[in-house]
Amino acid sequence: METGYTVEQLRAAATDAVRAPSLHNVQPWRFRLRDGGIEVLLDPTRRLPATDPSGWGARVAGGAALFNLRLALAVAGAPATVRLRPYPSEPDVLARLVPDLPRRPSPAEQGLYAAIPRRFSNRAPFWPDPVPADSRWRLGEAARAEHCWLELLIGVSAVNAFAEIARSAHRVLERDPAYRAEREAWVRAGTEPDGVPVTASGPRAEPQDLLPSRGFGGTQRAPGRDFEPEPLVAVLGSAGNTAVDQVVAGQALQRVLLTATDAGLSVSMLSQPIEVPSAREQLRLSLGRFGTPQMVMRIGYGQPGWPTPRRSVDEVLDLPVSLA
Ligand SMILES: Cc1cc2nc3c(=O)[nH]c(=O)nc-3n(C[C@H](O)[C@H](O)[C@H](O)COP(=O)(O)O)c2cc1C
């Protein structure tokens, strides 16, 4: 009978965990083996003080990495029982995973797991094809399975009202020089293992764009290559907004993203209206939902692209000294 996870299991699962998305691709996570359990931690050296002063984005990213870790362990036949924020005195420990009863992975888990290396943020314009009803339903189910909700904005007026909130949040953020400097510091022109490669930044923003793009650089677009006029916008929300809720939302985010990838859909994230408290409240009121919006996604069919780089797994593992 297994009593705990091994270094090999940790290394294999963490290799999948690091494929998770993170703000500016800072990859704010670490993974360690302690007393037979795998723990997901925040890396205090990878904070974004101007962009993410509360640590919301880091906890959402950590939750997304945790979802990949859970999935990888389940697919390897060693599913985990998870405790979130297990030690009140160590808030940077987001989760502790210990082995549950071994079982075979479900086909759904295998499908989502296979989507991990194929998922990436697609910031380019999408094709006009609508997202079919069954895919929309699957995305909502993915959020619900992780104790969150997903609101799809239906109709031009709902999308326009959202776009207004998002653009004004974007303008508020852009007024802060420290915020702009932080973003610029994480744009990468070369082959660095972190940050946002210019090649993944999508086309440069133009005045007619409905939704604000973050501004990671990008190329001038050809005439007529505008964004889709009626994007499918989805808002992911959680029951509350404690640190634990944010980790829960990160897991739901990753489940929604992998479900979208598995359904052949592309996604880009836009979190400006989440980062500005007044915009987030306006968004919540406009949806008429209890709970807290945690992420906004633009979803559609797009050009195939490439996953962005990650640091090697050995850089993010904390092993017991005798095993390092
Ligand atoms: C909490 C959070 C907020 C994000 N906000 C944005 C955003 O506002 N705009 C954007 O283009 N990408 C956003 N992203 C996506 C990241 O930039 C992206 O995940 C990262 O660069 C890694 O690239 P990948 O998603 O292709 O793996 C966000 C991701 C997370 C986890």
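Cut-off values and rules
Residues numbered from 1 in each chain as written. Predicted model: local features only at pLDDT ≥ 70, side-chain atom pairs only at ≥ 80, totals over all residues. Heavy atoms only, no water. Buried < 20%, exposed > 50% of the residue type's maximum accessible area, 1.4 Å probe, protein only. Helix = DSSP H or I, 4+ residues; strand = E, 2+ residues; numbered from the N terminus. Pairing = 2+ DSSP bridges. Expected span 1.5 Å × (residues − 1). Near = heavy atom within 4 Å. Polar contact = N/O pair within 3.5 Å; in protein donor to acceptor, adjacent residues only side chain to side chain. Areas by Shrake-Rupley, 256 points an atom, 1.4 Å probe, with all protein chains shown as cover. 1 Å grid on protein atoms, 1.4 Å probe; cavity = no way out; pocket = protein on both sides within 12 Å on 5 of 7 lines; lining within 4 Å. Points joined across faces, edges and corners; volume = space filled by probe spheres on them. Nonpolar A, V, L, I, M, F, W, Y, C, P; charged D, E, K, R; others polar. Domains from an automatic or database assignment. Buried area = accessible area lost by both parts, 1.4 Å probe. Salt bridge = Lys/Arg side-chain N within 4 Å of Asp/Glu carboxyl O. Contact = heavy atoms within 4.5 Å. Axes fitted to C-alpha atoms, helices over the stretch in contact; angles between N-to-C directions.

Caption draft 1: Highlighting the pairing of strand 5 (residues 148-152). Most of strand 5 sits out of view: 4 of its 5 residues are buried. Bridge count between strand 5 and strand 8 (residues 232-238): 5 bridges; the pairing is antiparallel. Residue pairing for strand 8: Leu-150 is matched across the bridge by Leu-236.

Caption draft 2: Region of interest: helix 2 (residues 56-75). An ideal rise of 1.5 Å per residue puts 28 Å on 20 residues; helix 2 measures up with 29 Å between its terminal C-alpha atoms. With 18 of its 20 residues buried, helix 2 lies for the most part within the structure. One or two positions beyond helix 2, positive phi appears at Gly-77, with a value near 85°.

Caption draft 3: Molecular detail of the site of the ligand. Around the ligand sit 21 residues, and of these Arg-119, Ser-121, Arg-123, Arg-214 and Arg-310 come closest. At 2.7 Å from an oxygen atom of the ligand is found a side-chain nitrogen or oxygen belonging to Arg-214. The contact in question runs from an oxygen atom of the ligand to an N or O atom on the side chain of Thr-308, over 3.0 Å. The fraction of the free accessible surface of the ligand (620 Å²) that becomes covered by protein chains is 98%.

Caption draft 4: Looking closely at the layout of surface pockets. Taken as a whole, the largest pocket spans an internal volume of roughly 720 Å³. As for the largest pocket, its lining consists of 40 residues, of which Arg-123, Phe-216, Ser-268, Met-269 and Leu-270 are closest to the centre. With 4 residues, the top contributor of residues to the lining of the largest pocket is helix 2. Counted by class, the lining of the largest pocket contains 19 nonpolar, 13 polar and 8 charged residues. Summarising the domain contributions, the lining of the largest pocket has at least three residues from each of domain 1 (7-117) and domain 2 (126-302). Size it by volume and the second largest pocket reaches roughly 520 Å³.

Caption draft 5: View of the domain arrangement of the protein chain. When cut into domains, the protein chain gives domain 1 (7-117) and domain 2 (126-302). Between the C-alpha centres of domain 1 and domain 2 the distance comes to 22 Å. Around 2700 Å² of area is buried between domain 1 and domain 2 when both sides are counted, 66% of it from carbon and sulfur atoms. Our enumeration of links across domain 1 and domain 2 arrives at 2 salt bridges. Note that Glu-146 and Arg-70 form a salt bridge whose closest N and O atoms lie 2.9 Å from each other. The interface formed by domain 1 and domain 2 contains 11 residue pairs in polar contact (both at pLDDT 80 or more). At the level of secondary structure, the elements contributing two or more residues to the side of domain 1 that touches domain 2 comprise helix 2 and helix 3 (107-115). When residues in the side of domain 1 that touches domain 2 are grouped by element, the largest group, 10 residues, is from helix 2.

Caption draft 6: Layout of the environment of Arg-46. Along the chain, Arg-46 turns up in the loop between strand 2 (37-42) and helix 2. Residue classification places Arg-46 among the buried residues on the basis of a relative accessible area of 16%. Among residues more than four places away in sequence, those in contact with Arg-46 are Val-26, Gln-27, Pro-28, Trp-186, Asp-194 and Arg-311. One polar contact links the side chain of Arg-46 to the main-chain carbonyl oxygen of Val-26, over a distance of 2.7 Å. Of the polar contacts made by the side chain of Arg-46, one reaches the side chain of Asp-194; its length is 3.1 Å.

Caption draft 7: Representation of the sheet that holds strand 2 in the model. One open sheet accounts for 5 strands, arranged 3-4-2-1-11; its pairing is mixed. Each of the sheet's edge strands pairs with one partner strand only, and the pair in question is strand 3 (80-84) and strand 11 (317-318). Note that strand 2 and strand 4 (residues 93-99) share 4 bridges and pair antiparallel. Each residue of the ladder has a partner; that of Val-40, found in strand 4, is Ala-95. Contacting strand 1 (29-34), strand 2, strand 3 and strand 4, helix 2 crosses the sheet at an angle of about 10° to strand 4.

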